[in-house]
Amino acid sequence: MQIKFTGGAGVLTGSCHLITYNDKNILLDCGLFQGKAEVEKLNEEDFPFDPKSIDYVILSHAHIDHSGRIPLLVKKGFRGRIYASSPTYDLCTIMLMDSAHIQETEAEWKTRKALRKGEEPLEPLYTKADAEKSLNYFKPVIYGQYEEIDDILTMRFLDAGHILGSSIVEMWFKENGETRKLVFSGDIGMTQKPIIRDPQIVEKADYLILESTYGNRFHDSVEERVEKLAITILDTIKKNGTVVIPAFAVGRTQEIIYELNEHYDGESEFKKEFSKVPVYIDSPLASKATDVFKKNAHVFDAKTREKIMSGDNPLEFKNLHFTQSVDESKALNASTKPKVIISASGMCNAGRIRHHLKHNLWRENATVVFIGYQAEGTLGKILKEGAKSVKLFGEDVAVNANIVSIEGFSGHADQEGLLKWVEAIKEKPKKIFLVHGEQEAKLELSEKIAQKFNIETHIPQMNAVYRIEGEQVSQLEEGYLLDSDEIEKKEFKKDKKLVLDDRIKEFEAIIETIERSDEEMIEADKRQALLHEIEALKDLADEILTKTEDAIENKQIRIKNYKQLNNLIKELEKTLVNLSLNNTQENFK
Ligand SMILES: [Zn+2]
Ligand SMILES: [Zn+2]
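Residues numbered from 1 in each chain as written. Chains lettered and ligands numbered in written order. Predicted model: local features only at pLDDT ≥ 70, side-chain atom pairs only at ≥ 80, totals over all residues.

Chemist: Got a minute to help me understand the overall build of the protein chain in this structure?
Modeler: For the protein chain, the count of helices and strands is 19 helices and 23 strands. Considering only contacts within the protein chain whose residues lie at least 6 apart along the sequence, 72% involve residues at least 24 apart. (Helix = DSSP H or I, 4+ residues; strand = E, 2+ residues; numbered from the N terminus. Contact = placed C-beta atoms within 7 Å.)

Set out below in structure tokens:
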């Protein structure tokens, strides 16, 4: 058997592992690369295998970084079966369509830009029609049921407790009279999460592919986060303000509804105060996802099912409203009545949430509550770090609202959770492959696993290939690290001189523009704009210098080239300083 890690390895997103046995090829997940532009570019590259040669896909869960390239795979000729738990299939019917919609909108936007430049129009990665077609290849499977995929492979889904439908994949391979068991953890959830069950325990694994997102982090306790959310909301309502909660439409939004339901229909001490507070879910995807949740109540955890049996639907309460149309969404901001608005996207980089931020950030009595991870470069992260003003729809919006972060609402098990899950495996794996995490998280988890269980781990990078023969694991291809911060280094590695030449040209162009604009500088606001640009350029120069130094250390570029770049940056700095000086003098006139 061979495993090629073609995504979610060496890079956080794009989970996709190719397993080859006999003449069969199967994919574990087929996720979209998400994040920085450099990472997302990978989606446009050819798959590092022929999509037509893939016999099956086994999908761990519906998150787009695990499922989002399935429509592309089908578009490129895949015609096999896609095994997924039934709730995962239900979620994919809305999430893949939503992803296709995003692809189409983005391509339209880029096309408009390209046409203005006299360039060719752009094709979306895939369309809604592609997504719809790909749904025909799904085969929904019930948790715990053995599926004989072919003569050699039998598989079973266990609940991974990460999002609705999330699965741990157990695979038994019967080869040469021996049966070996490979387990793919998928994404492992944290225990005591509302609504969904805790991750199930695996009895045995010969080999394990383990996620490590929070391999070096620890979560806050559940009680703290629930209370903090309630108090934050009530404090804001007392000030007649609105609470805006950016939340992922699938999973996190339903968790918040569940927690809030406690205060409306449960035995909360805040019941009376909450009863008057309206809560609006303003995300069409979140509304659809909530319906999928309701349809799959049979896989909820025992506590939630008991609640339902006793007559309380935890995903509904009297003052909970789902807004659908854009008009309904707009109407929310027409009134300043205190309320809670939960909207997507969770990191505020797209979607209706941006309108709600525009209407509320400047208000002193409003509160924005962050309940999830905010990636570098997103508006969520910028707000969380205390920006005084942000740009929304071309307008500068002052940040006067109270910005609150509640940690502990997490989809992933932390280091302790991951180690406990491995500990519970009775017959422990001989080898563990760590995927789906930043490099540091994987290194720390790998160390802990070695200390605690004395199990050897591998950290496969992008496109690394391993052969498993009996007890033997050998690496056939090394792969490369593509973590977002590492991209710059990889670029240097790819074509040392060329990339550096590009940089040098870029800098020469910048210096030229600045010198030219210096002569034309008359109006005060133009100068102001330029000063901002200067600050940004200084930061960029710093960043490039640090990265170049790293590259030298790793012997990826020659010192001579570095000197050339360094000189240019110095020259740029000099030009910038002179320009700033000119500006101050002008201002004094
Ligand atoms: Zn996930
Ligand atoms: Zn994931």
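Chemist: What am I meant to see in the confidence of the model for the protein chain here?
Modeler: Reading predicted coordinates in detail is not appropriate for stretches of low pLDDT. Residues of the protein chain with pLDDT of at least 70 account for 85%, and the chain-wide mean is 88. Low pLDDT, under 50, characterises residues 484-498; the stretch is placed with 23 contacts to residues that sit more than four places away or in other chains. (pLDDT = per-residue confidence, 0-100.)

Chemist: I tried to follow the nonpolar core on my own but got confused; where do I start?
Modeler: Nonpolar side chains tend toward joint burial in soluble globular proteins. Residues Val-57, Ile-58, Val-169, Ile-245 and Val-340 are the most contacted members of the largest nonpolar core, which totals 129 residues. No other element matches helix α4 (residues 86-116), which puts 6 residues into this core. The residues touching Val-57, leaving out its near neighbours within four places in the chain, are Leu-27, Cys-30, Ile-70, Gly-80 and Ile-82. (Core = buried A, V, L, I, M, F, W, Y, C linked by C-beta atoms within 7 Å. Buried ≥ 20, exposed ≤ 12 C-beta atoms within 10 Å, placed from the backbone.)

Chemist: Before we go on, may I ask you to explain the sheet that holds strand β20 (residues 431-435) in this structure?
Modeler: Working definition: the strands of a sheet are paired by backbone hydrogen bonds and lie parallel or antiparallel to each other. Taken together, the 7 strands give an open sheet; going across it, the order is β7-β8-β9-β10-β11-β20-β21, and neighbouring strands pair in mixed fashion. Where the open sheet ends on each side, the last strands, each with one partner, are β7 (147-148) and β21 (456-458). Where strand β8 (residues 153-159) and strand β9 (residues 167-175) come together, 7 bridges link them in antiparallel fashion. Residue pairing for β9: Met-155 is matched across the bridge by Met-171. (Pairing = 2+ DSSP bridges.)

Chemist: How should I be thinking about the sheet that holds strand β4 (residues 56-58) in this particular structure?
Modeler: The strand order across the open sheet formed by 8 strands is β6-β5-β4-β3-β2-β1-β22-β23, and the pairing between neighbours is mixed. Of all strands in the sheet, those with a lone pairing partner are β6 (138-141) and β23 (472-477), marking the two edges. Across this sheet, the average inter-strand angle for adjacent strands is 25 degrees, counted without regard to direction. Packed onto the sheet, α4 meets β5 (81-85) and β6 and runs at close to 110 degrees relative to β5. (Axes fitted to C-alpha atoms, helices over the stretch in contact; angles between N-to-C directions.)

Chemist: Explain helix α7 (residues 252-265) to me, please; I cannot follow it from the model alone.
Modeler: Spanning 14 residues, α7 covers 20 Å between terminal C-alpha atoms, matching the ideal 20 Å at 1.5 Å per step. Taken across its 14 residues, α7 has 12 buried, putting it largely inside the fold. (Expected span 1.5 Å × (residues − 1).)

Chemist: Would you explain unusual backbone geometry in this entry?
Modeler: One can expect most non-glycine residues to show negative phi and most peptide bonds to be in trans. Cis peptide bonds are those with omega within 30 degrees of zero, and the linkage from Ala-344 to Ser-345 qualifies with 10 degrees. Topologically, Ser-345 is positioned in the loop between β15 (340-343) and α12 (353-360). We note that Cys-348 has phi near 65 degrees; this positive angle belongs to a residue other than glycine. Along the chain, Cys-348 falls in the loop between β15 and α12.

Chemist: Mind showing me how you'd approach the packing of helix α14 (residues 415-423) against helix α15 (residues 439-453) here?
Modeler: A pair of packed helices is characterised by two quantities: the angle between their axes and the separation of those axes. Put simply, α14 and α15 touch, their axes get as near as 11 Å, and they point 40 degrees apart. Our classification of the angle between α14 and α15 gives oblique. With respect to the hand of their crossing, α14 and α15 are arranged in right-handed fashion. Facing Gln-415, Leu-418, Leu-419 and Val-422 of α14, the residues of α15 in contact are Leu-445, Lys-448, Ile-449, Lys-452 and Phe-453. (Parallel < 35°, antiparallel > 145°, perpendicular 65-115°, else oblique. Left-handed = near helix turned anticlockwise from the far one by under 90°.)

Chemist: Just to check I follow, could you spell out the environment of Phe-49 for this structure?
Modeler: In this fold, Phe-49 is placed in the loop between α1 (37-40) and β4. Exposure remark for Phe-49: the 16 C-beta atoms within 10 Å place this residue in the partly exposed category. In this structure, the C-alpha to C-alpha distance between Phe-49 and Asn-25, residues 24 residues apart in sequence, is 9.6 Å. Beyond its immediate chain neighbours, meaning those up to four positions away, Phe-49 contacts Leu-18, Asn-25 and Ile-54.

Chemist: Just to check I follow, could you spell out the packing of α4 against helix α9 (residues 284-295) for this structure?
Modeler: At a closest axis distance of 9 Å, the pairing of α4 and α9 adopts a crossing angle of 170 degrees. It follows from the interaxial angle that α4 and α9 lie roughly antiparallel. The way α4 lies across α9 gives a crossing that is right-handed. In this structure, α4 contributes Asp-90, Leu-91, Ile-94 and Asp-98 to the contact, and α9 contributes Leu-285, Lys-288, Ala-289, Val-292 and Lys-295. Broken down by class, the residue content of the contact of α4 with α9 amounts to 5 nonpolar, no polar and 4 charged. (Nonpolar A, V, L, I, M, F, W, Y, C, P; charged D, E, K, R; others polar.)

Chemist: Explain the pairing of β8 to me, please; I cannot follow it from the model alone.
Modeler: The side chains of a regular strand alternate between the sheet's two faces. Burial within β8 is extensive, with 5 of its 7 residues counted as buried. Between β7 and β8, which follow one another and run antiparallel, lie 4 residues.

Chemist: Looking at this structure, how should I read the pairing of β23?
Modeler: Here β23 lies mainly on the outside; 0 of its 6 residues are buried. In this structure, strand β22 (residues 464-469) lies alongside β23, joined through 5 bridges in antiparallel fashion. Residue pairing in the sheet places Arg-467 in a bridge with Ser-474 of β23. Turn length for the β22-β23 hairpin, with the two strands adjacent in sequence and antiparallel, is 2 residues, and the turn residue Gly-470 shows positive phi of about 55 degrees.

Chemist: Whenever I open this one, the environment of Met-97 confuses me. Can you help?
Modeler: Among the secondary structure elements, Met-97 is positioned in helix α4. For the pair Met-97 and Leu-135, spaced 38 residues apart in sequence, the C-alpha separation works out to 9.6 Å. Apart from residues no more than four positions distant in its own chain, Met-97 is found in contact with Lys-128 and Ala-131.

Chemist: Mind showing me how you'd approach the environment of Glu-447 here?
Modeler: Position of Glu-447 relative to the elements: it lies in helix α15. Considered as a pair, Glu-447 and Thr-457 are 10 residues apart in the sequence and their alpha carbons are 8.6 Å apart.

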